[in-house]
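Observations on chain architecture
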Amino acid sequence: MSLLQIVALATGVSACARDFLAVKRHTHRQPMSLAKRNQEEQVQWPPVLTERETLLANAFDNITIDEWSDYYGHQDKLAGRGREAAQWTADRWAEGGFESRLDEYHVYLSYPVSQSLSVTYPDGRTEDVNLVEPVLEADDVTGWEDRLPTFHGYSASGDVSGEYFYAGQGSKEDFSRLQELGVEMKGKIALVRYGGLFRGLKVKNAQDFGAIGAVIFTDPGDDGENTVANGYEAYPDGPARHPDSVQKGSCLFLSTRPGDPTTPGYPSKEGVPRAAVDDVTPSIPSIPVSYAAAQPLLRALNGHGVTADEANRTVWAGALDADYSSGPAPGVTLRLDNQMDEVIAPVWNVIGTINGTNADETIVIGNHRDTWMIGGNGDPNSGSAILVELAKAFGKLAESGWKPKRNIVLASWDAEEYGLIGSVEFVEEHASWLTETAVAYLNIDVGVSGPRLGLSATPELANVASDIFKKVIAPNGGLFNETLYDAWVRDTSGGEVGVLGSGSDYTAFVHYGISSLDIGAGGGPKDPVWHYHSNYDTYHWMSTFGDPGFLQHAAVGQYLALLALRLVDDEVLPLDVEHYAVEMRAYRDDLTDVITEYGAENDIDLAELSDAIEAFAESAAEAKALEQYALTLGDEELISVVNHKYRDFQRGFISQGGLPDREFYRHAITAPGLDTGYAAVTFPGITEGVQYDNLDIAQEWVSKTAKAILRSAEILKT
Ligand SMILES: *[C@@H]1O[C@H](CO)[C@@H](O)[C@H](O)[C@H]1NC(C)=O
Ligand SMILES: *[C@@H]1O[C@H](CO)[C@@H](O)[C@H](O)[C@H]1NC(C)=O
Ligand SMILES: *[C@@H]1O[C@H](CO)[C@@H](O)[C@H](O)[C@H]1NC(C)=O
Ligand SMILES: *[C@@H]1O[C@H](CO)[C@@H](O)[C@H](O)[C@H]1NC(C)=O
Ligand SMILES: [Zn+2]
């Protein structure tokens, strides 16, 4: 599912692969490249690797990665239909020495039965709106018989007709603005563009404002330079988006609760009791359409309702030939007929394990395997191919006699696309073992859909994660003597580590208090346009435009493997708890800005929070001092004490009962924004209390958040 946070990394920003228009909110956070200015910032060339690191990095081979990508790109991997690719993955990992198994869950899914959309004009003329992505002769899998039609996972079945209106990106603010301007929305169909918030929340907002259906379209305004309008050829002939490409995807209300909607808080084993799903799935039908299909629908609204200027929202008018008036236009109607089949079906996680010598310390490396189409070579086959190669590389290391200190668990999640289901069910099933042993979770989803690196992580991982970039030679970097670090700092505006919100499988781990990280690489405004969640995200696209030669895949894989090696092998876990204090101070300053912006300075007192952060900083410094002392003494027992503090301190941030009205999300320091789904909100209980004008709740959460920070400080205290 993941949309990489390439451009918009700051807290509170709508993150999306190609959401170039997103406004970057001011933040007090510092990019790692600046935060570490006083440390040795010199990047060595060529990178210096240990013997073990060299063996691991050299095991990455673009020829085999190409083979794995080709395999995954020619498999039906839709959740519930992907057992063959699961078994293949287990077999490859076993060849690398991982004890591998399939874990089955029985989960709630929905499959498309029939979808149609038509528009009727005031003169009575009715036209079908094209929902089909044409078969491309140059790209074999686009014509496969079991390819999937255009649909939204978990959208409601229904046959609705009525006038329609345009509502920008479909955020709560977009709909509120239309309401304020007197646009009639009740009983009508909402037309919104992709981008910004998670698609399920667009449908939720439409539903909450009285719409009876939703149509979501791709706008080439989000595509950067490489557009047909700018004279570039469309895929498969060139780097621009194919005009008929459609973004499928889930309409779960992700920011309320991920995982199988019928089994909140417990694993979806066969025969378990099932809860109702209506609190997290839409009651109105929805359908995604291409930009070619959307253009006439938008044009029919020209001159009706409010203009784009009157709407005065940051992302409203796009790049299609229309004026993006809101409508509705009298007598112009849509009929949306969407029929879905709801099932409980088996899905399969693949779990591969190598036991470490320390049984009570585990790192998990995960990637999902399921897709909305036969291909999926960006999302997630790039990550899946990298994990197969990583298993092979660790196998080579093991052949040399190496044994890891800590357990390594590889995971290939199923049903991520419907709502992070495989990973959530796994975490719910193994919660106590993870709470006792998990040191870190490393996620890779869209490993590669372009050349620009994106890294998000919980703060204690930021230091080691940015350092490892210095160990990997950038693809073609041999020519310019560049490491991934140089590329990362340049391409992501100065080396900012993003804050984890949601949108991929790290979510459950974060909210069980486990250090987590997400790595990948995507496109910028000048790169070939990736057809996210379309039947055109294929092996042919990847090998022609996305990563010809698969060298970016190899580099990202080397990075992940070298990072994993440090986490499993270092005597003291390379988790920088003092940096967590630095980040929390910045979050606190950001929160102060939000409070000022909402005029709540006299209503909210942050003293208790500030005191807790300083107490945490003190405990973190003590833990760091103990680390030095333990290393100086070479005292293994004391080193183990320090490691367990580093492993466990985040457990303190978990608030029993969860955030207001969303029990699943329990981390007091970060959560996906209630109205973004993807992008993170820091100190979410307080920040959202202020934003939604629940000042009592905000003040209550100052106290709850402070207590969580003190619990964590207590774990670090010596
Ligand atoms: C548009 O919105 C901005 C703030 O969001 C406001 O400062 C400006 O006055 C608004 N313009 C109009 C014409 O309403
Ligand atoms: C790894 O450890 C687990 C639990 O401690 C054990 O059940 C399993 O048999 C071990 N695997 C190997 C290959 O030793
Ligand atoms: C790259 O580094 C090598 C030493 O490893 C040096 O000989 C060469 O001149 C450098 N090239 C550039 C373009 O800086
Ligand atoms: C692997 O990379 C080399 C360059 O290092 C390139 O010449 C070759 O075509 C690539 N192979 C594949 C299968 O992509
Ligand atoms: Zn994905």
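Residues numbered from 1 in each chain as written. Chains lettered and ligands numbered in written order. Predicted model: local features only at pLDDT ≥ 70, side-chain atom pairs only at ≥ 80, totals over all residues. Heavy atoms only, no water.

Side note on the site of ligand 3
- Around ligand 3, the neighbouring residues are Trp45, Pro46, Leu479 and Asn481.
- One of the side-chain nitrogen or oxygen atoms of Trp45 is found 3.3 Å away from an oxygen atom of ligand 3.
- One of the side-chain nitrogen or oxygen atoms of Asn481 is found 2.3 Å away from an oxygen atom of ligand 3.
- Notes on ligand 3: free accessible area 360 Å², of which the protein chains cover 29%.
- Class assignment of the residues belonging to the shell around ligand 3 gives a composition of three nonpolar, one polar and no charged. (Near = heavy atom within 4 Å. Polar contact = N/O pair within 3.5 Å; in protein donor to acceptor, adjacent residues only side chain to side chain. Areas by Shrake-Rupley, 256 points an atom, 1.4 Å probe, with all protein chains shown as cover. Nonpolar A, V, L, I, M, F, W, Y, C, P; charged D, E, K, R; others polar.)

Here we look at the domain arrangement of the protein
- Each assigned domain of the protein is listed here: domain 1 (49–107 + 343–569), domain 2 (109–339) and domain 3 (577–716).
- Computed over C-alpha atoms only, the centres of domain 1 and domain 2 are separated by 30 Å.
- Counting residues at the interface gives 46 residues for domain 1, matched by 51 residues for domain 2.
- Summed over both sides, the interface of domain 1 with domain 2 buries roughly 4,200 Å², with 60% coming from carbon and sulfur.
- For the pair domain 1 and domain 2, the number of links is one salt bridge.
- Note that Glu429 and Lys269 form a salt bridge whose closest N and O atoms lie 3.3 Å from each other.
- Linking domain 1 to domain 2 there are 34 residue pairs in polar contact (both at pLDDT 80 or more).
- Elements that contribute at least two residues to the side of domain 1 that touches domain 2 include exactly strand S1 (99–120), strand S9 (333–354), helix H10 (416–419), helix H11 (421–429) and helix H17 (539–546).
- The element best represented in the side of domain 1 that touches domain 2 is H11, accounting for five residues.
- Considered class by class, the residues forming the side of domain 1 that touches domain 2 number 23 nonpolar, 14 polar and nine charged. (Domains from an automatic or database assignment. Contact = heavy atoms within 4.5 Å. Buried area = accessible area lost by both parts, 1.4 Å probe. Salt bridge = Lys/Arg side-chain N within 4 Å of Asp/Glu carboxyl O. Helix = DSSP H or I, 4+ residues; strand = E, 2+ residues; numbered from the N terminus.)

Focus on the UniProt feature "domain: PA" (unreviewed entry) in the protein
- What UniProt calls "domain: PA" (unreviewed entry) maps, in this numbering, to residues 166–237.
- Secondary structure across residues 166–237 divides into 26% helix and 15% strand, with the first and last C-alpha atoms of the span separated by 32 Å. (UniProt positions renumbered as here; feature names shortened; annotations may be inferred.)

Remarks on the side chain of Asn643
- Mapped onto the secondary structure, Asn643 falls in helix H21 (residues 636–648).
- Setting aside chain neighbours within four positions, we find Asn643 in contact with Glu361, Arg406, Glu571, Val572 and Leu573.

Details of the packing of helix H22 (residues 684–691) against helix H23 (residues 695–716)
- Relative orientation of the contacting elements H22 and H23 amounts to 165°, with a least axis distance of 8 Å. Classified by the angle their axes make, H22 and H23 are roughly antiparallel. Considering how the two elements wind past one another, H22 and H23 form a crossing that is left-handed. Residues Gly685, Ile686, Gly689 and Val690 of H22 touch H23, and the partners they reach there are Leu695, Ile697, Ala698, Trp701, Val702 and Thr705.
- Its residues placed into classes, the contact of H22 with H23 shows seven nonpolar, three polar and no charged. (Axes fitted to C-alpha atoms, helices over the stretch in contact; angles between N-to-C directions. Parallel < 35°, antiparallel > 145°, perpendicular 65-115°, else oblique. Left-handed = near helix turned anticlockwise from the far one by under 90°.)

Concerning the nonpolar core
- By size, the foremost hydrophobic cluster in this structure holds 171 residues, and its most contacted members are Phe394 and Phe616.
- It is helix H18 (residues 551–569) that provides the largest number of residues to this core, a total of twelve residues.
- Every residue in contact with Phe394, bar those within four places of it in the chain, is listed here: Leu56, Gly96, Phe98, Trp402, Ile408, Ala561, Ala564 and Leu565.
- Core analysis: the second largest hydrophobic core is formed by 49 residues, Ala214, Phe217, Ala308 and Ala329 among them. (Core = buried A, V, L, I, M, F, W, Y, C linked by side-chain atoms within 4.5 Å. Buried < 20%, exposed > 50% of the residue type's maximum accessible area, 1.4 Å probe, protein only.)

Considering the packing of aromatic side chains
- For the coordinates displayed, the defined rule picks out 34 aromatic pairs.
- Between the aromatic rings of Tyr108 and Tyr154, the centroid separation amounts to 5.4 Å while the plane-to-plane angle is 5°, which identifies the pairing as stacked. You can see Tyr108 sitting in strand S1 and its partner Tyr154 sitting in the loop between strand S3 (152–153) and strand S4 (158–166), a full 46 residues away along the chain. Both residues of the pair, Tyr108 and Tyr154, count as buried.
- On the numbers, 3.9 Å between centres and 5° between planes, the contact of Tyr441 with Phe509 is stacked. With Tyr441 in strand S12 (residues 438–448) and Phe509 in helix H16 (residues 506–510), this pair connects stretches of sequence that are 68 residues apart.
- Look at Phe509 and you get buried, because its relative accessible area is 0%.
- Through successive ring pairs, a cluster of aromatic residues spans Tyr108, Phe151, Tyr154, Trp372 and Tyr418. (Phe/Tyr/Trp six-rings, centres within 6.5 Å; stacked < 30°, edge-to-face > 60°.)

Some thoughts on the environment of Arg711
- Note on placement: Arg711 falls in helix H23.
- A C-alpha to C-alpha distance of 41 Å links Arg711 and Thr54, two positions 657 residues apart in sequence.
- Residues in contact with Arg711, not counting those within four places in the same chain, are Gly652, Ile654 and Ser655.

Observations concerning H11
- Buried residues dominate H11, accounting for eight of its nine residues.
- Of all the positions in H11, only Ile421, Gly422, Ser423, Val424, Glu425, Phe426, Val427 and Glu428 are classed as buried.
- Those residues of H11 that are buried lie in contact with S1, S9, strand S11 (406–413), H10, helix H12 (431–437) and H16.

Describing the pairing of strand S8 (residues 286–289)
- Of the two faces of S8, the one lined by Ser286 and Pro288 and the one lined by Ile287 and Val289 are each fully buried.
- Across four bridges, strand S6 (residues 213–217) lies against S8 in parallel orientation. Opposite Ala214, over in S8, you have Ser286 as the bridge partner. (Pairing = 2+ DSSP bridges.)

A short note on the side chain of Thr458
- Positionally, Thr458 belongs in the loop between strand S13 (452–457) and helix H13 (459–468).
- Given the relative accessible area of 5%, Thr458 is considered buried.
- In this structure the side chain of Thr458 is engaged in a polar contact, spanning 3.0 Å, whose partner is the side chain of Glu460.

Digging into the environment of Leu716
- Its place among the elements puts Leu716 in helix H23.
- Overall, Leu716 belongs to the buried group, its relative accessible area being 0%.
- Between the alpha carbons of Leu716 and Ala621 there is a distance of 9.0 Å; along the sequence they are 95 residues apart.
- In contact with Leu716, not counting residues within four places along its chain, are Val577, Phe616, Ser619, Ala620, Ala623, Lys645, Tyr646 and Phe649.

Here's the deal with the pairing of S1
- Both S1 and S9 contribute to a ladder of 21 bridges, which runs antiparallel. Of the residues in S9, the one forming a bridge with Arg101 is Ile351.
- Of the strand pairs in this sheet, S1 and strand S2 (residues 126–128) are connected by three bridges, and their pairing is antiparallel. Along S2, the bridge assignment pairs Ser118 with Asp128.
- Hairpin connection between S1 and S2: a loop of five residues separates the two successive antiparallel strands, and Gly124 in this loop has a positive phi of roughly 95°.

Points about H22
- With seven of eight residues buried, H22 lies mostly within the body of the structure.
- If you check which residues of H22 are buried, you get Pro684, Gly685, Ile686, Thr687, Glu688, Gly689 and Val690.
- For H22, the elements touching its buried residues are helix H19 (577–597), helix H20 (607–633), strand S15 (670–672), strand S16 (680–682) and H23.
- Positive backbone phi, at 60°, marks Asp693, one or two positions downstream of H22.

Quick word on the pattern of salt bridges
- This structure, assessed with the given rule, holds 35 salt bridges.
- The residue Asp491 makes a salt bridge to Arg452 at a minimum N-O spacing of 3.4 Å. Here Arg452 lies in strand S13 and Asp491 lies in helix H15 (residues 484–491), a separation of 39 residues in the sequence.
- Each of the salt bridges in this network shares a partner with another, and the network as a whole consists of Arg452, Glu482, Arg490, Asp491 and Asp527.

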